[in-house]
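The lines below spell out each chain.
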Amino acid sequence: MGNSLLNTRDQKFVLYEQLGIEKLFETKAFGEYSRDVADLMLTEAEKMAVEVLLPGRKEGDTGVKFKDGNVFVPEMFHEMYKKFNEGGWNNCMRDVEVGGQGMPTVLSTACYEFFMSANFPFTMYPGLTNGAANLVQVFGTERQKKLFMEKMYSGEWGGTMCLTEPGAGTDVGALKTSAKRLPDGTYSITGTKIFISSGDHDLTPNIVHPVLARIEGDPPGTKGISIFIVPKYKVNEDGSLGEFNDVKTGNVEHKMGIKGSATCTLNFGDDGNCIGELLGQERKGMKVMFELMNEARLEVGLQAQGCATTAYENAVEYAKGRIQSAPLWEMANPNAKAVPIIQHPDVKRVLLWMKAHVEGMRALNYYAGYCMDLVKAAGTKEERDKWQARLELLIPVCKAYTSEKSFQVCSKAIDVYGGYGYCSEYPVEQALRDSKITSIYEGTNGIQALDLVGRKIGTKKGAHLLALSNEMTAEIASLRENPELSTYCNYLAEAHNGMIDLTMHFFKLAKSAGFLIPILNAQPYLELFGDVAIGYLLMQAAGISSKKLDEIYAEKGAKGSKAKQRALMHDNPDVAFYQGKIAAAKFFAVNVLSTVRARCEAIKAGDRVPIEMPEECYTA
């Protein structure tokens, strides 16, 4: 099935040839899966994306409606939601025991890339419900699971995450929402939450809100925060809906993008009749929330990936069909014909920049999902700890790097279209608008960078980063033995060494008066980390592709003959694919990795101007 969403050949390359996810199917955790089953899932996900979700993308961009205190989603979303749930996609990665399919996270990540690229605003509704239901599964009582989790996992009811308040965004500990103990063991909830995705809608008869609040008398800050199950409508003990639970929608935000996703202000307990149930233990609200963090941040990276891949695929398709100008080398020829713009050098360069980043980010996000599966499949505590540590290190990069680069990819896609790209008749301007939120919510990218620099790279005195670095060093040495890649591996090695040197420098500064330098440069450091990670994965892919091409050329007698190799492209699509993988790695090495060492040295210079410049100078 052809689509304008993502390159399915590259998707399967990452899954099977680069990561080798078949190894998961040999474990007890995922023994019910096989490559045939995985391929079937991918095929069905593509059908769902192309036939059901994609047709509603344009209508979804008209936005939700807010009338008489209620939110109404775009009409097409109702049928989409029904079919999505009927297909079992809303909780495909959850255990079979709770109604899921037990799908490996790396495979569900690949399936969800289809959904995100087709209609990411729509996926917010089932996605948030799934995450909220998982909290009930992990921390809820058997009664709570029966009353709430089952209906949420089935898609019968919706779910959200209620953290942010007018005065408590990044600083969650400053929240004002309160919980008052009641004699029957429940709590009276009072407060306001803002920017709540899927906060209200007409897709389901009930919406279950996990709400962060402070029990009266508990200490300030994050240590005093608890989390509560607060449904829009109260739930009777037999599972039927009761009376309205005093959860009122104050308004919906009018946003730059993801307009089909309802972003609401929710007022809890305006009339003093909002009742919540404690989820987990008192004052353990942040611990409960962090159960979701890795999964949620990978999902945001995947949302950004979806915007980037559909922007790239559409830009390539447009560039192949848009006839404009004769080639520069034919300008002196008055009879020269105009050619597709993909033949012009600047357009080719821009598209290759996009291709390298899109494919590199796909490999990074899939690898993070694979790490989650290896944690679950691990046979020993040592192995489980290794993959959990790897995951913790990568998650801030998956979320922040992918979202930053996604916006740039979408911007370059508009450039390829020219003026048409700026118009709503074409899909890339919506991709850009939708992608921007991914660098903001679920912890801004500045927060992700501080997490990476302030916590993750220094865990166990840097042992987890060193383990990853050693693996990269060994593979770079192996890849250097390939004559075609040797020079480009030098760029990768230099970039990797520069990033590690900078990390060691940060460790020293952390114990000195210069401790603010790592904080000041956390975002540039995360970008450097991402560049090296992407460069490594692209070079790894190039090494695999080079071996595959050698096998094809040897079989067809085309070794050493450029003409025969080019002719093979018409008979064997894998030839063009593998050559493209190698080209992407080479381009990224020369144009991105070559800059890493210099950027590291600039940070090591210790410039403090942004810190030292008085606030008055910004507006003087």
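Right above here is the structure, for reference.
Below, the structure is looked at part by part. Everything numeric here is computed off the predicted structure, so don't read it as measured data.

**A word on the overall build of the protein chain**
Assigned secondary structure in the protein chain consists of 19 helices and 12 strands. Here the protein chain has a C-alpha radius of gyration of 25 Å; the compact-globule value for 620 residues is 25 Å, and the two agree. In terms of overall dimensions, the protein chain has C-alpha extents of about 85 × 60 × 60 Å along its principal axes. When each of the 620 residues of the protein chain is scored for burial, the buried share is 55%. Contacts spanning at least 24 positions in sequence make up 74% of the contacts within the protein chain whose residues lie at least 6 apart.

**Focus: empty space enclosed by the protein**
Counted by the stated rule, this structure contains two cavities of 30 Å³ or more. Reported here for the largest cavity is a volume of approximately 90 Å³. Secondary-structure elements contributing two or more residues to the lining of the largest cavity are α5 (105-139), α7 (285-321) and α10 (428-436). The element that contributes the greatest number of residues to the lining of the largest cavity is α5, accounting for six residues. The class makeup of the residues in the lining of the largest cavity is seven nonpolar, four polar and two charged.

**Let's talk about the nonpolar core**
The biggest cluster of nonpolar side chains holds 194 residues, and the ones touching the most others in it are Trp89, Phe115, Tyr525 and Phe529. Discounting residues that sit within four places of it in the chain, Tyr525 has contacts with Leu452, Val453, Ile457, Leu465, Met499, Leu502, Thr503 and Phe506.

**A short note on helix α13 (residues 486-509)**
Relative to the 34 Å expected for 24 residues at 1.5 Å per residue, α13 spans 35 Å between its end C-alpha atoms, a close match to the ideal helical length. Those residues of α13 lying buried are Cys489, Leu492, Ala493, Ala495, His496, Gly498, Met499, Ile500, Leu502, Thr503, Phe506 and Leu509. If you follow the buried residues of α13, they end up packed against α11 (445-456), α12 (463-479), α14 (516-520), α15 (522-556) and α18 (596-604).

**Some words on the packing of aromatic side chains**
As enumerated under the stated definition, the model contains 18 aromatic pairs in all. Through a chain of ring-to-ring contacts, three or more aromatic side chains come together here, namely Phe77, Phe84, Trp89, Tyr112, Phe115, Phe122 and Tyr125. Directly above the ring of Phe577 sits Arg9, whose terminal nitrogen or CZ lies 4.5 Å from the centroid. Over the face of the ring belonging to Tyr16 we find Arg35, whose NZ or CZ atom lies 3.7 Å from the ring centre.

**Re the environment of Leu516**
With respect to the element layout, Leu516 can be found in helix α14. Sequence-wise, Leu516 and Gly606 are 90 residues apart; in three dimensions their C-alpha atoms are separated by 9.6 Å. Excluding residues within four positions of it along the chain, Leu516 makes contact with Arg608 and Ile611.

**As for α18**
Burial in α18 covers these residues: Val596, Cys600 and Ile603. Summarising the axial view, the buried residues of α18 lie within an arc of 60°, below the 170-degree limit, and thus occupy one face. Those residues of α18 hidden inside the fold are in contact with α13, α14 and α15. Two residues or fewer past α18, Gly606 is found with a positive phi of approximately 75°.

**Observations regarding the pattern of salt bridges**
Under the definition given, this model contains 43 salt bridges. Close ionic contact of Arg143 with Glu237 constitutes a salt bridge, the shortest N to O distance being 2.9 Å. Taken together, the positions of Arg143 in helix α6 (residues 142-153) and Glu237 in the loop between β8 (233-235) and β9 (241-244) put the pair 94 residues apart, joining distant regions of the chain. Since its relative accessible area comes to 34%, Arg143 is described here as partly exposed. Residue classification places Glu237 among the exposed residues on the basis of a relative accessible area of 58%.

**Examining the layout of surface pockets**
Its boundaries defined by the atoms lining it, the second largest pocket holds a volume of some 940 Å³. Secondary structure elements with two or more residues in the lining of the second largest pocket: α1 (8-18), α7, α8 (345-377), α16 (562-571) and α17 (573-591). The element contributing the most residues to the lining of the second largest pocket is α17, with nine residues. Grouping the constituent residues of the lining of the second largest pocket by class yields 13 nonpolar, six polar and nine charged.

**Quick look at unusual backbone geometry**
Positive phi, close to 55°, is recorded for Phe195, a residue that is not glycine. Residue position: Phe195 is located in strand β5 (residues 187-197).

**Description of the side chain of Glu113**
Checked against the element boundaries, Glu113 lands in helix α5. In this structure Glu113 touches Leu6, Gln11, Leu302, Gln305, Thr309, Arg362 and Tyr366, once residues within four positions along its chain are discounted.

**Regarding the environment of Glu299**
Note that Glu299 resides in helix α7. Note on Glu299: relative accessible area 24%, which makes it partly exposed. Between the C-alpha atom of Glu299 and that of Thr109, which follows or precedes it by 190 residues, the distance is 8.1 Å.

**Notes on the packing of helix α2 (residues 35-53) against α5**
Across the interface, α2 lies against α5 with an axial gap of 9 Å and an inter-helix angle of 0°. One finds that α2 runs roughly parallel with respect to α5. Here α2 contributes Ala38, Met41, Leu42, Ala45, Glu46, Met48, Ala49 and Leu53 to the contact with α5, which in turn contributes Leu107, Ala110, Cys111, Phe114, Phe115, Ala118, Asn119 and Phe122. Looking at the contact of α2 with α5 residue by residue, the class counts come to 14 nonpolar, one polar and one charged.

**A closer look at the pairing of strand β12 (residues 275-278)**
Each regular strand shows side chains that alternate between the opposite faces of the sheet. As defined by bridge partners, β5 adjoins β12 across two bridges and the pair is classed as antiparallel. Note on β12: the bridge partner recorded for Tyr187 is Gly276. Sheet topology places strand β7 (residues 225-231) next to β12; two bridges connect them, and they run antiparallel. By the bridge assignment for β12, Ile229 is matched with Glu277.

What counts and what doesn't
Residues numbered from 1 in each chain as written. Predicted model: local features only at pLDDT ≥ 70, side-chain atom pairs only at ≥ 80, totals over all residues. Heavy atoms only, no water. Helix = DSSP H or I, 4+ residues; strand = E, 2+ residues; numbered from the N terminus. Rg over C-alpha atoms; globule rule 2.2 N^0.38 Å. Buried < 20%, exposed > 50% of the residue type's maximum accessible area, 1.4 Å probe, protein only. Contact = heavy atoms within 4.5 Å. 1 Å grid on protein atoms, 1.4 Å probe; cavity = no way out; pocket = protein on both sides within 12 Å on 5 of 7 lines; lining within 4 Å. Points joined across faces, edges and corners; volume = space filled by probe spheres on them. Nonpolar A, V, L, I, M, F, W, Y, C, P; charged D, E, K, R; others polar. Core = buried A, V, L, I, M, F, W, Y, C linked by side-chain atoms within 4.5 Å. Expected span 1.5 Å × (residues − 1). Phe/Tyr/Trp six-rings, centres within 6.5 Å; stacked < 30°, edge-to-face > 60°. Lys NZ or Arg CZ within 6 Å of the ring centre and 35° of its normal. Arc of directions from axis to C-beta. Salt bridge = Lys/Arg side-chain N within 4 Å of Asp/Glu carboxyl O. Axes fitted to C-alpha atoms, helices over the stretch in contact; angles between N-to-C directions. Parallel < 35°, antiparallel > 145°, perpendicular 65-115°, else oblique. Pairing = 2+ DSSP bridges.

Spatial relationships are all this shows, so hold off on functional conclusions.
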